[in-house]
Amino acid sequence: MYDRKTWIVLAVCGTLLAIGLQQSNKNAQDKIRQEQARQEALRKDQPAQPPAPAENPVAPVSPGLTVDPPPPPTEEEFVILATDKVVFTFSNIGGGVKYADFKTEFQVGKHQEFVRVNERGGGPIGGLAGADEALENLSYTYNEAESIPGKKVVYAAKLAAGLLVRKSFSLVETGEPGAPYLLDCDLQFENASAAALKLKQWSIYAGEAAPLYQAEVIQQTGVFWLENNSMSFTSVSSFSGGWFSTEKPIVNSPPDKKIQYAGVTNQFFATAIRPNEPLETSLWAKPSKVKLKDDATPLPSIRAGLRLPDVTLDPSGQKSLSYRIFIGPKHNPMLQKMGNGWGELMQYGWFWLVSVGLNQTLNFFHDCLAGMAKKWAWGLAIILLTIVVRVVIWPLHAKSTRTMKRMSKLQPEMAKLKEKYADDPNKLNTETMGLYRKFGINPLGGCLPMFIQIPIFFGFYRMLQYAVELRGQGFLWVDDLSQPDTLTYWAGIPINFLPVVMAISSFLQIRMTPKTGDAMQQRIIMFMPFMFFFFCYNFASALALYWTTQNIFSIGQTWLMNRIPEPELKPRKDGGKKSWVQRIAEQQAAAQKLRQQGGGAGPKNTTEPQKKRTPRTGG
């Protein structure tokens, strides 16, 4: 049994333990109440949600600019204008479009987050930049009296230099092509200072453009301007300089040119500011860095502004300017219908005519197939377009194949000539041309048809590269035709299946093609599929699908051509007519022979007439 002392100790410990538990429970309850109070305080301190235009509690501004606007609000306030395609969010800080969200376009791999333009722009589209192209993000007053909820937004402010500014942004509701992506912007200026002011020191901000995802091709992000219906483009990658150029902190378009419109762009979306009438002005652009994720590598972005015209405002002088702002996707059919040079936004390059035609045909095929297979309509449209193009150029491919087959039959004779004239290249060239003429073969017949297909290939490539229609569209195992068809990752390396099929089909196609040239040339040709495999491994799956379809079609075409018996290769009775290539080769051989007969170790004086010389006898 325990003695009395033990029981006393146990009682005291139990009492202390009970008191400790009670105090601990009280402290826990106090902490819970404190946390609840803190959360409630945070909820009260959070800024209010962007108010609706009709509920924006700000004082109205007088329509006239001759009266100073009332003091602007101290906090950022938002007004929203929306169409069926875009949600434009306006901010009183800078008085312009803070950002725009596309209702039908989603972030890469995210089907619930809209694509947002000018998210990291540093200022609103339609804002003003002053000296050194620095944004003047002062607070504007929202003019509720002149604004129309859901249709029109009006801001007013007085700049530090004494310039009164009134901005009016309104939706374009005419129903014209591209209207959901357009805003009409009217600017009114009045000089409220005692000195003259030059408007040229300010520019209207076109916003910022940056890649949408980490693997986007940087060269497709840049600044552009259209002048005299000619598009100029400067990639953001050119700002960093290179081996033969220095780093550029700013790029300016040629001064005092009549610019039709200008802006910034990435691979699929663009922001453009267009004066209602071409103005003699210039564009500035500056690079920046953005992080798409906190742990991602910074990517270069571009910011730009269109300078106001060279107009001087005397005290109390006024000036009005009107612009149209486009914030939307580079959708070729829509831009072509908009006219007025908007189609140049696609920047297809040299083979623009081919790209435009292919894109319009692709959209036509998609519309025809959408009713039968809506989910895979774009992938099927690419396959159908590829087959149609290959059928159209079938005669060229057939002629090339026939010529190459006939040339391959001359390989034994060619080998004899190479052995016979191994030390005389000019004679070898002449005899080779004579051999072609003897059997009626045009050596360009195997290459020229292939060169004619080059514009089609590059036009197809550029068209698929800029086709915003393919964003988020799936086909078979491909989730997004504008992205690589990555199935999984192995040691951090993406496993893309379509480029593998493309390389294998290219290799099989070359194996089936008749062999011409020497062994080294044949090995180089056999190596090309693997070279293109590495070049195109991370390209969009739409391009890999096109190339794979083309290879499979060409394999079938070559197989069919090989099944058709070729006439026996016989010498022509008339010896054959000399081709253009043969005549050029003979002229070169004759010129080389004359140079050799002229002799002499030193250079000839071409200014004096050459005298006839007897042939050398050696020694």
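Our structure is the block above this text.
The rules we used
Residues numbered from 1 in each chain as written. Predicted model: local features only at pLDDT ≥ 70, side-chain atom pairs only at ≥ 80, totals over all residues. Heavy atoms only, no water. Helix = DSSP H or I, 4+ residues; strand = E, 2+ residues; numbered from the N terminus. Buried < 20%, exposed > 50% of the residue type's maximum accessible area, 1.4 Å probe, protein only. Contact = heavy atoms within 4.5 Å. Axes fitted to C-alpha atoms, helices over the stretch in contact; angles between N-to-C directions. Parallel < 35°, antiparallel > 145°, perpendicular 65-115°, else oblique. Left-handed = near helix turned anticlockwise from the far one by under 90°. Nonpolar A, V, L, I, M, F, W, Y, C, P; charged D, E, K, R; others polar. Phe/Tyr/Trp six-rings, centres within 6.5 Å; stacked < 30°, edge-to-face > 60°. Lys NZ or Arg CZ within 6 Å of the ring centre and 35° of its normal.

Looking at this structure, I do not really get the overall build of the protein. What am I missing?
Broken down by element type, the protein carries 13 helices and 23 strands. In the protein, buried positions account for 43% of the 619 residues. Excluding contacts between residues fewer than 6 apart, the proportion of contacts in the protein whose partners are at least 24 apart in sequence is 66%.

Can you walk me through the packing of helix H9 (residues 454-465) against helix H12 (residues 541-563) in this structure?
Any two packed helices are characterised by how steeply their axes cross, that is the angle between the axes, and by the distance between the axes. Where H9 contacts H12, the two axes come as close as 9 Å, and the packing angle between them is 150 degrees. Compared by their axis directions, H9 and H12 come out roughly antiparallel. The way H9 lies across H12 gives a crossing that is right-handed. Residue-level contacts link Phe 457, Phe 460, Tyr 461 and Leu 464 of H9 to Ala 542, Leu 543, Tyr 546 and Trp 547 of H12. In terms of residue class, the contact of H9 with H12 is built from eight nonpolar, no polar and no charged.

Honestly, the packing of helix H4 (residues 377-392) against H9 in this entry has me stumped. Any pointers?
For the pair H4 and H9, the least separation of the axes is 13 Å and the interaxial angle reads 165 degrees. It follows from the interaxial angle that H4 and H9 lie roughly antiparallel. Here H4 runs over H9; the crossing is right-handed. Across from Ile 382, Leu 385, Thr 386 and Val 389 in H4, the residues of H9 making contact are Ile 456, Phe 460, Met 463 and Leu 464. For the contact of H4 with H9, a count of residues per class yields seven nonpolar, one polar and no charged.

Looking at this structure, how should I read the packing of aromatic side chains?
Remark: the centre distance and the inter-plane angle together describe each pair of aromatic rings, the angle taken between the planes. With the rule as written, the count across this model stands at 18 aromatic pairs. Taking the centre distance of 5.2 Å and the plane angle of 75 degrees together, the rings of Trp 477 and Phe 497 count as edge-to-face. Placement of the pair is Trp 477 in the loop between H9 and strand S22 (486-490) and Phe 497 in helix H10 (residues 497-512), with a sequence separation of 20 residues. Looking at Trp 477, the relative accessible area reads 34%, which means it is partly exposed. An aromatic cluster is present here, built from Phe 102, Tyr 181, Phe 224, Tyr 261, Phe 269, Phe 326 and Trp 342 joined pairwise through their rings. Over the ring of Tyr 99 we find Arg 116, and its NZ or CZ is 3.8 Å from the ring centre.

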